[in-house]
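# Fold and geometry: a report
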Amino acid sequence: MRHIAIAAVLACAACATPPGSAAPRVCTAWSAPEPAGAIDPAIMEASGLAVSKAFPSRLYHHNDSGRGPKFFVSDSAGANLRTVTMAGYKDKDIEDMSMGPCGEGKNGDGRTCVVFGDVGDNGSSRPSVSFILMPEKETYADTETPLRVVNAHYPDGPHNAEGFAIHPNGDLYLVTKTSPGPAQIFRLTRDQLRVSDGAMQTFTEVGKIDIAPLVGDLASQRSALLVTSFDIAPDGKRAVILTYGAAVEIGFDLSKPLAPQSGWKSGEDFRRIDIATQPQTEAIAYAPNGAILYDSERKGDAPVQLYRQTCQKPQFRLICSIS
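First, a word on scope: everything that follows refers to the structure included in this document.

Analysis parameters
The residue numbers shown here count from 1 along each chain, following its written sequence. At least 70 in pLDDT is required for a residue's local features to be given in this predicted model, at least 80 for side-chain atom pairs to be given and counted, and no such filter applies to totals for whole chains, interfaces and linings, which use all residues. Hydrogen atoms and water are omitted, and side-chain values are computed over all heavy atoms in the structure. Strand pairing is assigned whenever DSSP identifies at least 2 bridges connecting the two strands. Under the DSSP-based scheme used, a helix requires at least four consecutive residues in state H or I and a strand at least two consecutive residues in state E, with every element numbered from the N terminus. Here, axes are lines fitted to C-alpha atoms. For helices the fit covers the stretch in contact, and angles between N-to-C directions go from 0 to 180 degrees. Site definitions follow a grid-based scheme: protein atoms alone, a 1 Å grid, a 1.4 Å probe that fits but cannot get out for cavities, and for pockets an open set with protein on both sides within 12 Å along at least five of seven lines, plus lining residues having an atom within 4 Å of a point. Grid points are joined across faces, edges and corners, and a volume is the space filled by probe spheres set on the points. Polar here means any residue other than Ala, Val, Leu, Ile, Met, Phe, Trp, Tyr, Cys and Pro, which are nonpolar, and Asp, Glu, Lys and Arg, which are charged; Gly is therefore polar. Throughout, disulfides are identified as pairs of cysteine sulfur atoms within 2.5 Å of each other.

### Overview of the sheet that holds strand 14 (residues 183-188)
Across the sheet, which stays open at both edges, the four strands sit in the order 12-13-14-16 with antiparallel pairing between neighbours. In this open sheet, the two edge strands, each paired with only one partner strand, are strand 12 (161-166) and strand 16 (204-209). Along the sheet, successive strands turn relative to each other by an average axial angle of 25°, direction set aside. As judged from the five bridges shared by strand 14 and strand 16, these two strands associate in the antiparallel manner. Note that in strand 16 the partner of Ile185 across the bridge is Gly207.

### Let's talk about the layout of surface pockets
To find leftover empty space, a probe the size of one water molecule is rolled over the atoms. As a volume, the second largest pocket reaches approximately 280 Å³. Residue lining of the second largest pocket: 22 residues in total, with Lys53, Met99, Asp231, Ile232 and Tyr286 positioned closest to the centre. Contributions of two or more residues to the lining of the second largest pocket are made by strand 3 (46-51), strand 7 (94-101), strand 17 (227-232) and strand 21 (280-286). In terms of residue count, the dominant contributor to the lining of the second largest pocket is strand 7 (four residues).

### Digging into empty space enclosed by the protein
Counting across every chain of the model gives one cavity of 30 Å³ or more. Within this model, the largest cavity holds a volume of roughly 50 Å³. Pro101, Gly103, Val115, Leu133, Arg148, Ile166, Gly170, Arg190, Leu193 and Arg194 together form the lining of the largest cavity. Broken down by class, the residue content of the lining of the largest cavity amounts to five nonpolar, two polar and three charged.

### Quick word on the state of the cysteines
Scanning the entire structure with this criterion turns up two disulfides. Each sulfur in the disulfide pair Cys27 and Cys311 lies 2.2 Å from the other. Measuring handedness by torsion sign, the sulfur bridge of Cys27 and Cys311 sits at about 105° and is right-handed. Of this pair, Cys27 sits in the loop between helix 1 (13-16) and strand 2 (34-39) while Cys311 sits in the loop between strand 23 (304-309) and strand 24 (316-322), and the two are 284 residues apart along the sequence. Bridging Cys102 to Cys113, the disulfide has an S-S length of 2.2 Å. Note on the Cys102 and Cys113 pair: the S-S dihedral is about 105°, so by sign convention the disulfide is right-handed. Of this pair, Cys102 sits in the loop between strand 7 and strand 8 (112-118) while Cys113 is found in strand 8, placing the two residues eleven residues apart along the sequence.

Laid out in structure tokens, this is it:
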């Protein structure tokens, strides 16, 4: 009897999935943290990070805690920093940032904006929060005037929040910083973000996420349950949630109803990402290639690193035997 063994190395998700099981919707393996640069000391309380879509190798940063309506532009390693002041806006607590359409023109097309979320509310007492839209441009002056400011309030009273992101469809999703209890997810639509007359907008609650089962054995640490930043993948099909202790990728398109969390499976619907230990990690963003970048507030004079982790595409070996 003749025996023929055929071995092939395959790098496709289909080959990685046993018959009858669901294909993972999250990255199956992340690289170890890789230093990508050092954060300039001017960014003392790094609380937001965004990757430019219009200008390769450009990052945006900002401080929190009312350090002035400023943002920073750097290269991909966090160097060659430029400081820009936003004219005509008095900040309270800008906590996160995201890239999104400026919403100009008949169909809302046109330029890309850096959107800053003045959403921090440690006392859960603010009657409303604000989003500042600043168009991307090749060269910024020392002072720039935002395109517009959008004000919004929650339907159920004030919340503290430090993470929001804009979906590829233009809608904005915000995740509250809550513990104990699940974090709430609120949405402002693309049309709401285009309102320029100052009219107050109302968030819509679209779901809740219990962080504890997503971070596993870190759940005993309260800090690991507090959402400090949030971003949505470039394809809109995944999102990453940052806490002080970990990052978690969830494999859901938030523009669609969120599946009941009781049915989520680790490794398929979500995966914890073991990030580098930093003093106070509060900023995360996806890069166009699906990698994640994150950094931290500074404690004392110790330098703060910008870290990168990439999604690894494991090689799968398929063995076929024919007799």
